[in-house]
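# Reading the structure
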Amino acid sequence: MAHFEKANNLNEWLDQRIGLNTLKKVMQTEYWIPKDINFLWAMGMVLAATFGILVVSGIFLLMYYKPDTNLAFDSVNYTIMSEVGYGWLWRHIHGIGASIVFLIIYIHMFTGIYYGSYKRGRELIWLSGMGLFVAFSAEAFSGYMLPWGQMSYWAGMVITNLFSGGSLEAYGLVEWIRGDYVPGDAYLTRFFMLHVFLIPLVIIGLIVLHFGSLRLPHVNNQEGAEIDFEEAAELYKAGKVKESKVIPFSPVFLSKDVFVMGVYFVLFFYLVFYNFNFAMDPVNFDPADGLKTPAHIYPEWYFLWSYEILRPFSKDVGLIAFGIAQAALFFLPFIDRSPNVAPAHKRGLFQVWFWVLLVDMIVLTAMGKLPPTDPVFAFIGLVSAVLFLLMGPALFIITLFEKKLEKGA
Amino acid sequence: MGNEQKGRRDFMGLSLGLFTAAGSIGALYAMKRSWDPLPSVKAAGFTTIDLSVAKENELIVEKWRGKPIFILKKTAEMKPHDRDLVIGSDRFHMSIGLCTHLGCIPAYKKDSKTFFCACHGGVFDASGVNEPGLPPPSPLEIPPFKIAGTKLILGEEGPEYKQMLDAGLTV
């Protein structure tokens, strides 16, 4: 065994045993973040905090929730909502958190796209981030099943039906996923397991990968400038804080994050206390009934854009379009052929592409919520769905001809 | 490292790899089987329905494997179809009552003698055939059935069902 001296205090004791001071340096005081950033750079830590809040509220819901088709609905709507002290608080935090976390994810994603934070050296950050988006989507869907209301049941029915692959008619696969011919007890208990254990585990693993893949390429900055981090770090450590282009993650960068979080949580808890219905679909307050379809089935707002890509086409074409839309964003670092790491407003046509994508996804979201019977809206939905599918090839062509920017310009 | 020693290490590595792979395949199979529908779920997958109580142009909705089953005794004016169940002189339309578009339950309209799905406006005629130009891509599905006298056993594959299956009238 290595030689150990008697420690004078707890910090020293821990430093001897787990290298606490080195750990602090590596993870906090000498993890360098560029100075040239804005509030959008705080979204990562806002997401981490929201995930933490979802875990804590989830733990309390888990203590009274019963994953059984006969008991689930009442365990949520009666036991948790009216018997458990402050049970309503955990439920509303969990519901609002699940909804708002997607708003922040979308902001975080579009920030990355705008500033080119997925380009050479940062591909893994983008890929692990997209992995997180998929894992969060699966987490949201599985969680939506648990109250076992009408929307839980019918959303489960429609989404698992997608796995039959249209004309492939793979009903065996659908029944295997459900463990039953229709969503039933086996279905509820397995989605419960996925929601409270397996998917959160995957999410935590992906968060570690996401943070890890950020370390060597470093956080991007507003100009996409290449920074000599070692030189800048030496300046900072020498006390020339003003001249240095970087700040340490903790406490300097984190204190900015905490300010943004403060503003964010004002909005968050306003929703939790005064506007929680926005995350509570009234149809889901009817218990699940396999013999009665709700008049209009639609997903939560964050899935509407991809739902709308499924809808305007015939069954098979819709499924293929839907599949492409789900996978397309993963390939962004490889479709974008431009060598420039720069904000969109310095990249000519790319800026147009960026805003068209953003607006198109908002239009798809709006159309996805409307009943499909109105021909005008159905047509707008079709056009925006086709436009979305064309955005990939368009990006390839635009960035192929993009002029290389002079660095430092 | 000598050649002999290297050969022995490669052999050990290969054996370990093969055993691990075999074990993993076994474990994956066990995991796949654990997700299969339980025997009790499958056993509950048979339903017997008495057709002698059916009245003409009145829809009966039964439940089979958690899904609604439509049974409609046809009137003389309704067009016969190869998908009909023929018992004596009576003709019945029988199908899974889920729209083939996205799985909503259509309602039966007595006056127009059609099934109408409120979700996306699909229409099926009294034989369960979808009207063209609307979202549903195919007719209402006919579940596996067996005719025993005036009774119908759902979940079992009788000769009439196999005939329909071979003729491509259902899936």
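### Notes on the pairing of strand S10 (residues 151–154) of chain B
All names here are of chain B. Taken together, the four bridges between strand S1 (residues 47–50) and S10 define a ladder with antiparallel strand orientation. Residue pairing for S10: Ile49 is matched across the bridge by Leu152. Pairing of strand S9 (residues 145–148) with S10, which is carried by four bridges, proceeds in the antiparallel orientation. Within S10, the position partnered with Ile147 by the bridge is Leu152. The turn joining S9 and S10, which pair antiparallel and follow one another in sequence, is formed by two residues; a positive phi near 65° is taken by Gly149.

### Focus on the domain arrangement of chain A
All names here are of chain A. According to the domain assignment, chain A consists of domain 1 (22–293) and domain 2 (298–409). The gap between the C-alpha centroids of domain 1 and domain 2 is 22 Å. Contact residues are listed per partner, giving 36 residues for domain 1 and 35 residues for domain 2. For the pair domain 1 and domain 2, the summed buried area comes to about 3,200 Å², and 68% of that belongs to carbon and sulfur atoms. The three residues of domain 1 that bury the most area against domain 2 are Phe110, Tyr114 and Lys119, which together make up 22% of that side's buried surface. The tally of links from domain 1 across to domain 2 stands at two salt bridges. Between Glu223 and Lys346 there is a salt bridge; the shortest N-O distance is 2.5 Å. At the junction of domain 1 and domain 2, the tally comes to 12 residue pairs in polar contact (both at pLDDT 80 or more). Broken down by secondary-structure element, the contributors of at least two residues to the side of domain 1 that touches domain 2 are helix H5 (87–114) and helix H6 (123–145). Taken together, the residues of the side of domain 1 that touches domain 2 break down into 21 nonpolar, 10 polar and five charged.

### A short note on unusual backbone geometry
All names here are of chain A. Between Ser250 and the following residue, Pro251, the backbone shows a cis peptide bond with an omega angle of 5°. Turning to its location among the elements, Pro251 is positioned in helix H11 (residues 249–274). In this model, Tyr86 sits at a positive phi of 60°, which is unusual for a non-glycine residue. Here Tyr86 shows up in the loop between helix H4 (72–83) and H5. What makes Tyr86 exposed here is its relative accessible area of 55%.

### Things to note about the packing of helix H15 (residues 349–369) of chain A against helix H16 (residues 375–400) of chain A
Any two packed helices are characterised by how steeply their axes cross, that is the angle between the axes, and by the distance between the axes. Residues and elements named next belong to chain A. Following both chains from N to C, one finds H15 and H16 inclined at 155°, their axes separated by 9 Å at the closest point. It follows from the interaxial angle that H15 and H16 lie roughly antiparallel. The two elements H15 and H16 cross, and the hand of that crossing is left-handed. On H16, the residues that touch Leu349, Phe350, Trp353, Val356, Leu357, Asp360, Met361, Val363, Leu364 and Met367 of H15 are Phe377, Ile380, Gly381, Ser384, Ala385, Leu387, Phe388, Met391, Ala394, Leu395, Ile398 and Thr399. For the contact of H15 with H16, the residue count by class is 18 nonpolar, three polar and one charged.

### Side note on the packing of aromatic side chains
How two aromatic rings sit relative to each other is given by the distance of their centres and the angle of their planes. All names here are of chain A. Using the criterion set out here, one finds 40 aromatic pairs over all chains in the structure. When the centroid spacing of 5.9 Å and the interplanar angle of 70° are considered together, the rings of Phe102 and Phe303 count as edge-to-face. In this pair, Phe102 is assigned in helix H5 and Phe303 in the loop between H11 and helix H12 (304–310), connecting sequence segments 201 residues apart. On the numbers, 5.7 Å between centres and 80° between planes, the contact of Trp301 with Tyr302 is edge-to-face.

### Examining empty space enclosed by the protein
For the structure shown, the criterion picks out one cavity of 30 Å³ or more. There is about 50 Å³ of room inside the largest cavity. Taken together, A:Val158, A:His296, A:Ile297, A:Tyr307, B:Leu102, B:Cys104, B:Cys119 and B:His120 form the lining of the largest cavity. Split by residue class, the lining of the largest cavity holds six nonpolar, two polar and no charged.

Conventions used here
Residues numbered from 1 in each chain as written. Chains lettered and ligands numbered in written order. Predicted model: local features only at pLDDT ≥ 70, side-chain atom pairs only at ≥ 80, totals over all residues. Heavy atoms only, no water. Pairing = 2+ DSSP bridges. Helix = DSSP H or I, 4+ residues; strand = E, 2+ residues; numbered from the N terminus. Domains from an automatic or database assignment. Contact = heavy atoms within 4.5 Å. Buried area = accessible area lost by both parts, 1.4 Å probe. Salt bridge = Lys/Arg side-chain N within 4 Å of Asp/Glu carboxyl O. Polar contact = N/O pair within 3.5 Å; in protein donor to acceptor, adjacent residues only side chain to side chain. Nonpolar A, V, L, I, M, F, W, Y, C, P; charged D, E, K, R; others polar. Buried < 20%, exposed > 50% of the residue type's maximum accessible area, 1.4 Å probe, protein only. Axes fitted to C-alpha atoms, helices over the stretch in contact; angles between N-to-C directions. Parallel < 35°, antiparallel > 145°, perpendicular 65-115°, else oblique. Left-handed = near helix turned anticlockwise from the far one by under 90°. Phe/Tyr/Trp six-rings, centres within 6.5 Å; stacked < 30°, edge-to-face > 60°. 1 Å grid on protein atoms, 1.4 Å probe; cavity = no way out; pocket = protein on both sides within 12 Å on 5 of 7 lines; lining within 4 Å. Points joined across faces, edges and corners; volume = space filled by probe spheres on them.

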